[in-house]
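Chain residues, written in single-letter form:
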Amino acid sequence: MFEQLFKLKENATSIQTEITAGVTTFLTMAYIVVVNPATLSGAGVPFEQVFMATIIAAVVGTLMMGLFANYPIAIAPGMGLNAYFATVVATQGLSYQVVFGTVFLAGILFLLLSLTKLRETLITTIPDSLKFGITAGIGLFIAYVGVRNAGIVVPNDANITGLGDLTDPMVMLTIIGVLITLVFYVLKLKGALFFGMVATGIIAFIMGQIEFDGVVSAPPAPVFFDLDVGGVFAHGLYTVVLAFLLVTLFDTTGTIIGVAEQAGFMKNGKLPRSKQALLGDATATTVGAMFGTSPATAYIESTSGVAAGGRTGLTSLVVSVLFAISIFFTPIIEAVAGVPAITSPILIIVGSFMMQGLAKVDWKSFDEAFPAFATMLAMPFTSSIATGIAIGFITYPILKLAGGKGKDVHWIIYLFAVIFLIQLIFFPMS
């Protein structure tokens, strides 16, 4: 059955290799089962609801990737956008149901784009410098959320923010957790982020910072359709919808291409069954919003499974099964998520991973470099991914026009620039 469904011999792999690859991929990204509920519960979303929604989105998206596209690529709610979700709820005075409405609409648009060539057109017309700036800005943003949640950075009257109390047990534990996880990663331990959380959790237990009310329990009941689409239009949250859409669009497409290149799936610069692959994350985002989580994306951690020999959708099937099994471990996951020192190191370290694209920015070309820099800088300083995207899209065509290179800019960029400028002036997101 597996041979016919996944074409194992054709892809020079075996059931044992695919299972090993699936376990490897799951361990490298299992942290999201803890970190995502911890992040969104800070916005008032019930922990158990996010926990179930996270797993539902991961299972749906990864299964679609495995069964329909036959690729060893895993999907789950993405880092960065979960922090942005929490920030929108906190700063706009909106209910999380309304913000879930923006995610749902972004998911619907994502699905429609995935059924057309427009998604590929958008990816090719938006400059690489802006894509890299957006990714890096999200990295800085989630790293800032990590140090803030842990108390490493605290409010300061003189300088807005300042260094926290390093003798505070939670701060000390966070720093220890970062160092342990970094050592694991440098030693190339598969699942370094996951095992870093485990080690930090053990230390937290010894220090009396964490208590477990059990290990295994019946899974919590998922909450269906806990969103308010009408509120999106009532509050004019179009920029938020666009932010979720664009970031997920760039992040997922870039990740799929990166994993495909590593595995040798790219043929003459094109990815076979690309439409099926792109539908997986779009469906997961839409379904995830309906149950209560932020947008889903393909995970770069999938490369760990590819490195372990994964070449088919059977790897993704294994990842899906492991995610499904994790619903029975709610007590231990909820206890771990309640300790910022266990989850914050992951936010900080993943933030550093997202800086890689900056090496590809042409820093000697000011009209390419500054928009990327402005985008990256604005996100953590304004606590808004949408604002960072807007500033990047506005400054890029202005600098190109000033340098006599206006014809090199696609009309879509000019359109977005005008839309974002109007939004920032007349409908600002505070």
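Computed from a predicted model, the values in this text were never measured in an experiment. (Residues numbered from 1 in each chain as written. Predicted model: local features only at pLDDT ≥ 70, side-chain atom pairs only at ≥ 80, totals over all residues. Heavy atoms only, no water.)

### With respect to the pattern of salt bridges
Inspection of every chain in the model, using the stated rule, returns four salt bridges. With a shortest N-O distance of 3.6 Å, Lys131 and Asp128 are connected by a salt bridge. Here Lys131 pairs with Asp128, and both are found in helix H8 (residues 128-150), just three residues apart, close to one helical turn. Since its relative accessible area comes to 46%, Asp128 is described here as partly exposed. We note a salt bridge from Glu368 to Lys400, for which the minimum N-O separation is 2.9 Å. Remark: Lys400 occurs in helix H19 (residues 385-402) and Glu368 occurs in helix H18 (residues 366-382); sequence separation between them is 32 residues. (Salt bridge = Lys/Arg side-chain N within 4 Å of Asp/Glu carboxyl O. Helix = DSSP H or I, 4+ residues; strand = E, 2+ residues; numbered from the N terminus. Buried < 20%, exposed > 50% of the residue type's maximum accessible area, 1.4 Å probe, protein only.)

### Structural notes on the layout of surface pockets
Estimates place the volume of the largest pocket at around 1,400 Å³. Every residue lining the largest pocket is counted, 38 residues in all, and those nearest its centre are Thr255, Ile300, Glu301, Phe353 and Gln356. Looking at the lining of the largest pocket, the element that brings in the most residues is helix H12 (residues 238-263), giving seven residues. Residues belonging to the lining of the largest pocket are distributed by class as follows: 19 nonpolar, 12 polar and seven charged. Of the pockets and cavities examined, the second largest pocket occupies roughly 500 Å³. Taken together, 21 residues make up the lining of the second largest pocket; nearest its centre are Val34, Phe194, Val198, Ile332 and Ile333. If you list the elements that add at least two residues to the lining of the second largest pocket, you get helix H2 (15-29), helix H3 (32-41), helix H10 (192-206), helix H15 (313-325) and helix H16 (330-337). (1 Å grid on protein atoms, 1.4 Å probe; cavity = no way out; pocket = protein on both sides within 12 Å on 5 of 7 lines; lining within 4 Å. Points joined across faces, edges and corners; volume = space filled by probe spheres on them. Nonpolar A, V, L, I, M, F, W, Y, C, P; charged D, E, K, R; others polar.)

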